[in-house]
Amino acid sequence: MRLQTLQKSPLAAAIALALLGWQPAAFAQDEQADDTTDESSRVVIDGIAPPRLAPQRPPIEEIVTLGRALSSAESLVSERMDDSVAVDLLGADAISRLGDSTVAAALRRVPGLTLVNDKFVYIRGLGERYSASMLNGAQIPSPDLTRNVIPLDIFPAALVQSLRVQKAYSPNLPANFGGGNVEIRTKSVPDGFTFQFEIGSAFNSETSGDVFTYTGSGDDNIGSDDGFRALNSDIIGTINQFQGDVGITNIASTLRRQDTSLTLNESIAQATDINRSLGLALNRDLQLQTDSASPDVNVKTAIGNSFILNDDWEVGFLVGATYANAWRERTSIRRDFTFPDLRRDTEVESTRNVNLSGNLNFGVKYLEDHEIETTSLFLRNTDDETAVRDFFNENREIPDGFGFRDIRYEFEERNLVVHQLRGSHYLGEDTRERLGGLSGLINWLPADTHITWFVSESAARTDIPNRVIVSANTITDPVTGLVESSAIALDNRAADYGFIDLDDEVTSYAWNASVPITTDKSAIELSFGYQHDRKSRVFQQSLFSLGPNSPGDSSFLAGNLEDVFSDSSVMDPNNDFIFAIQGTDNQSYIAATMTDAWFGNVDWTWNDKWRIAAGARWENYRQAALDWNPFGFSAASPQITTDPDQLALGTFQDDAIYPSLAVTYMTDWWAETFQLRFGYSETAVRPDLREITDASYIDPITADLVDGDPSVIPASVSNYDIRGEWFFDNGDNLTITAFYKDIANPIEFFATAVSDTGRGREIVNAESAEVVGVEFEVLKDLSFLGDAFSPFFVQGNVTVQDSEIVAGPRADAPTNPIRKLAGASDVVINTQIGFDSNDGMHSASIAYNVFDERLYLAGRNGDPDEFEQPFHSLDVIYTWYPTDTMQVKAKAQNILGEKITIERAGVRTFEEDPGSTFAVSFQYQFL
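Rules of the game
Residues numbered from 1 in each chain as written. Predicted model: local features only at pLDDT ≥ 70, side-chain atom pairs only at ≥ 80, totals over all residues. Heavy atoms only, no water. Core = buried A, V, L, I, M, F, W, Y, C linked by side-chain atoms within 4.5 Å. Buried < 20%, exposed > 50% of the residue type's maximum accessible area, 1.4 Å probe, protein only. Contact = heavy atoms within 4.5 Å. pLDDT = per-residue confidence, 0-100. Patch = residues over 30% accessible without salt bridge, like charges linked within 9 Å, V, L, I, M, F, W, Y side chains within 5 Å. Areas by Shrake-Rupley, 256 points an atom, 1.4 Å probe, with all protein chains shown as cover. Salt bridge = Lys/Arg side-chain N within 4 Å of Asp/Glu carboxyl O. Lys, Arg positive; Asp, Glu negative; His and termini not counted. Charge placed at Lys NZ, Arg CZ, Asp CG, Glu CD. Helix = DSSP H or I, 4+ residues; strand = E, 2+ residues; numbered from the N terminus. Polar contact = N/O pair within 3.5 Å; in protein donor to acceptor, adjacent residues only side chain to side chain. Pairing = 2+ DSSP bridges. Axes fitted to C-alpha atoms, helices over the stretch in contact; angles between N-to-C directions. Parallel < 35°, antiparallel > 145°, perpendicular 65-115°, else oblique. Left-handed = near helix turned anticlockwise from the far one by under 90°. Nonpolar A, V, L, I, M, F, W, Y, C, P; charged D, E, K, R; others polar.

A. Representation of the nonpolar core in the model. The biggest cluster of nonpolar side chains holds 37 residues, and the ones touching the most others in it are V470, I488 and F565. Excluding its chain neighbours within four sequence positions, the residues that come into contact with I488 are V470, S471, A472, A494, L557, L561, V564 and F565. Counting residues in each nonpolar core, the second largest holds 30 residues, with A106, V121, I123 and L379 among its members.

B. Focus on the confidence of the model for the protein. In this model, the protein carries a mean pLDDT of 85, and residues with pLDDT of at least 70 account for 88%. In the model, residues 1–73 has pLDDT below 50 throughout and makes 173 contacts with residues more than four positions away in sequence or in other chains.

C. Molecular detail of a negative patch on the surface. Negative charge collects at one region of the surface, where E429, D430, E433 and D448 lie side by side. Of note, D448 is situated in the loop between helix 10 (429–435) and strand 17 (450–476).

D. Geometry of the environment of I235. Looking at where I235 falls in the secondary structure, it is placed in helix 7 (residues 233–241). Judged by relative accessible area, I235 falls into the buried class, the value being 0%. Measuring from C-alpha to C-alpha, the distance between I235 and L278 comes to 6.0 Å, with 43 residues separating the pair along the chain. In this view, I235 contacts L278, A281, L282, F544 and F579; residues no more than four positions away in its chain are not counted.

E. Focus on the environment of D596. Position of D596 relative to the elements: it lies in strand 22 (residues 588–606). D596 sits in the buried class, given a relative accessible area of 15%. Those residues in contact with D596, other than ones at most four positions away along the chain, are Y530, Q531, H532, W618, E619, N620 and R622. Looking at D596, its side chain comes within polar contact range of the side chain of R622, at 2.5 Å.

F. View of the pattern of salt bridges. A complete count under the given rule lists 44 salt bridges for this structure. For K535, the salt bridge goes to D504, with nearest N and O atoms at 2.6 Å. In this pair, K535 is assigned in strand 20 (residues 522–548) and D504 in strand 19 (residues 495–518), connecting sequence segments 31 residues apart. Relative accessible area serves as the criterion here: at 0%, D504 is assigned to the buried category. A salt bridge links R617 to E619; the shortest N-O distance between them is 2.8 Å. What makes R617 buried here is its relative accessible area of 1%.

G. The sheet that holds strand 6 (residues 131–135), seen in detail. The 4 strands lie next to each other as 3-7-8-6, forming an open sheet whose pairing is mixed. A single partner strand is all that each edge strand has here, and the edge strands are strand 3 (87–91) and strand 6. Strand-to-strand twist of the sheet, defined as the mean angle between neighbouring strand axes without regard to direction, takes the value 15 degrees. Summarising the sheet, strand 6 and strand 8 (residues 180–186) pair through 5 bridges and their orientation is parallel. Residue pairing for strand 8: S131 is matched across the bridge by G180.

H. Representation of the packing of helix 8 (residues 248–258) against helix 9 (residues 264–280) within the structure. Following both chains from N to C, one finds helix 8 and helix 9 inclined at 125 degrees, their axes separated by 8 Å at the closest point. The angle between helix 8 and helix 9 falls in the class oblique. Relative to helix 9, the crossing made by helix 8 is right-handed. Taking contact as the criterion, the partners of I248, I251, A252, L255 and R256 in helix 8 are, on helix 9, L264, S267, I268, Q270, A271, T272, I274 and N275. Of the residues contributing to the contact of helix 8 with helix 9, the split by class is 8 nonpolar, 4 polar and 1 charged.

Pasting the structure below:
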């Protein structure tokens with residue numbers, strides 16, 4: 001079988017699906033209406049605008065003022081009030097006001113949410129695996145190499161109309177629900193002509209002067225490699241020729257079988273040349289360079305319009321694009337807990353980040369009852385990293401005067417392509433009249449019966465065409481540890497090469513029907529629907545090495561990288577370079593999931609006082625994940641195992657019903673509208689696809705060796721919520737929420753035994769876990785303090801919670817068998833003081849965000865736990881509106897200069913300074 005036969009082939013997914021014997025959500029009326037409305041094109045000047053409410057709800061007035069950020073904070077209150085379960089919403093205006101450039105950064109403003117690694121959202125103290133993400137109601141793939149969850153930093157805030165965080169489960173959502181569900185709603189077709197253009201720049205205090213870099217490709221400016229870094233086809237051909245073993249001994253044996261006239265010495269000489277020529281096929285332009293860091297460049301533009309064709313038909317479009325290019329340099333320091341002054345690891349990393357996005361929307365409306373819209377979305381996020389890491393360990397400590405150095409070059413390109421088709425249909429009077437003779441088929445349905453549906457096809461691809469780590473030995477100052485000189489390591493793995501490719505594809509479609517029934521005192525909405533999600537993932541990692549084994553004269557290793565790894569140096573027999581395949585036969589895998597679900601819900605409002613929503617979701621979930629060895633060429637070393645026991649371990653099926661209940665009491669106690677909500681539900685949290693293989697991998701964020709476990713099963717979650725909401729007639733609101741989660745078989749990482757110089761984690765089912773907490777949220781206009789304070793308002797939230805996990809028998813000797821959940825903070829605070837001038841020409845915000853310490857890594861065998869320390873983020877944003885169509889914005893982020901720090905029993909084991917960022921932008925917008 002030829003190398004890479006399965007890569008990017010439907011056969012990969014078909015194998016996984018066949019193992020299980022497989023055979024070939026929408027929102028309520030008010031939510032769907034909001035989804036298709038571009039709030040940025042809605043102009044209401046200091047007046048009263050009725051919100052979009054379901055028929056059974058009493059009308060509630062909303063004050064909307066053009067250009068005031070306080071009103072933008074209120075703009076999504078109506079949807080939140082009308083939802084049958086507890087939700088939090090963040091609109092495009094609020095995101096823009098606070099200057100957040102990505103969805104991940106914006107979500108840290110939501111109550112109970114914390115941001116980890118600048119990309120993953122923790123909801124109510126539960127890790128990223130407990131937080132699901134959707135795009136316009138559909139499942140989408142993840143470009144993250146080691147996680148199924150979507151890194152939310154890849155979504156530019158410019159594409160977002162609103163963010164919806166649902167913390168209480170309802171049957172229209174997938175049952176894979178733990179902390180909550182994040183729905184990203186992209187901008188849609190506007191009501192009229194709109195044009196927007198924005199340009200901006202920024203710089204970071206830690207990125208000044210020269211940064212590390214290296215020779216790249218001609219397409220690096222657009223975040224893509226033009227093939228310069230790609231794996232050479234000669235390497236693939238030679239590996240195929242010699243059946244996956246390119247060691248000198250096997251090559252020589254193969255040559256002698258093919259040509260019996262060859263002597264042993266002749267075959268070894270030819271085999272040595274063939275092996276070294278493979279080294280020539282690697283990209284060895286490895287000279288470390290420096291360059292001046294240019295300021296950030298950010299460009300955004302969008303244009304859209306709608307056209308009324310006649311009394312019945314309306315069409316529209318929206319086209320948008322963004323481009324961002326930024327340099328960042330960060331210095332991170334790690335220290336050994338036991339010997340922090342002797343064993344230290346310092347890495348200086350320069351990263352060039354390129355972000356590209358494009359969106360294209362088309363929409364058509366008929367009779368105001370029917371709407372169909374398409375959304376096509378392209379996202380590219382690329383990190384081009386150059387890093388120099390100097391470190392000491394138990395083999396070489398600082399006083400020895402000798403150390404180690406790694407020079408790393410890594411280009412990681414992540415692409416996401418989404419195509420969606422969505423429809424919304426009301427069977428109203430106009431529709432019934434137009435149907436003519438067919439109207440009898442639907443006259444038995446109540447008026448305003450509503451049907452929604454979507455079809456979504458999406459694909460994510462992550463490509464690391466060439467990750468190179470060059471190892472060196474250093475001579476250092478025995479007091480300070482500073483490097484005085486270095487030489488490439490005398491090792492046949494002096495240069496490690498990695499070629500990594502991930503393809504993740506998702507097909508998702510669903511429909512939902514809701515039927516309203518109204519009596520004198522009751523309003524009932526019956527809803528039911530179906531959803532299908534299918535996902536396939538192919539991950540391939542090919543690892544090679546090149547280095548001198550036992551050269552006759554090692555002095556050449558002190559030269560420049562370009563000389564040490566030059567053609568003549570590699571082919572020189574005296575240098576004894578060896579090319580080898582590294583890794584194990586389980587570092588690549590193929591995986592697939594398929595879910596079919598039916599759901600139903602009864603939403604009953606009685607006497608405008610009580611609302612009861614009860615429903616259930618039935619899901620048939622199937623999953624398969626198999627190790628894949630692309631270098632397998634025999635029955636003894638196959639690409640895919642044929643062992644029935646191993647195949648059985650790689651599959652899982654779950655068929656269950658997930659109930660939910662939401663009760664709301666509505667009155668005017670202490671406010672114009674008061675709602676007291678109670679919610680209960682049963683859900684599940686499933687392991688990532690990679691975690692159910694026995695593959696081991698290096699986590700790119702933590703640098704830990706991570707072991708999978710095919711025996712891991714989904715966790716079961718019982719969710720309880722009580723929320724009180726006060727909405728005042730002047731736009732102020734107050735929310736208090738108490739929540740409790742009881743988790744059986746929680747999926748958690750635990751430390752494992754590894755070498756003295758490394759750290760390891762394994763994924764296991766713990767015995768049980770609990771999370772309990774309270775959230776407070778407030779929006780308050782300060783005009784009650786006097787006329788001078790009328791332009792000011794305060795908005796913020798505080799979450800206080802506690803978590804506990806019982807490790808159980810599967811964990812490997814944990815120091816604390818009962819401890820907090822990883823990543824859970826006891827206190828999270830988000831607040832801002834806002835200002836909007838009375839003349840509408842100025843607005844400003846001071847935003848503060850902090851989380852309490854959170855568990856980073858649990859200790860093992862008596863070692864203390866490791867905690868990430870609080871990070872106090874203070875941002876200031878100012879916007880000037882010189883005209884109705886222009887705005888100038890300036891922002892300063894992390895002005896306190898906080899550092900990211902991790903401590904273990906009082907010893908600072910990690911620190912990194914992200915620096916302060918200062919940005920300015922100009923925007924022209926015509927509505």
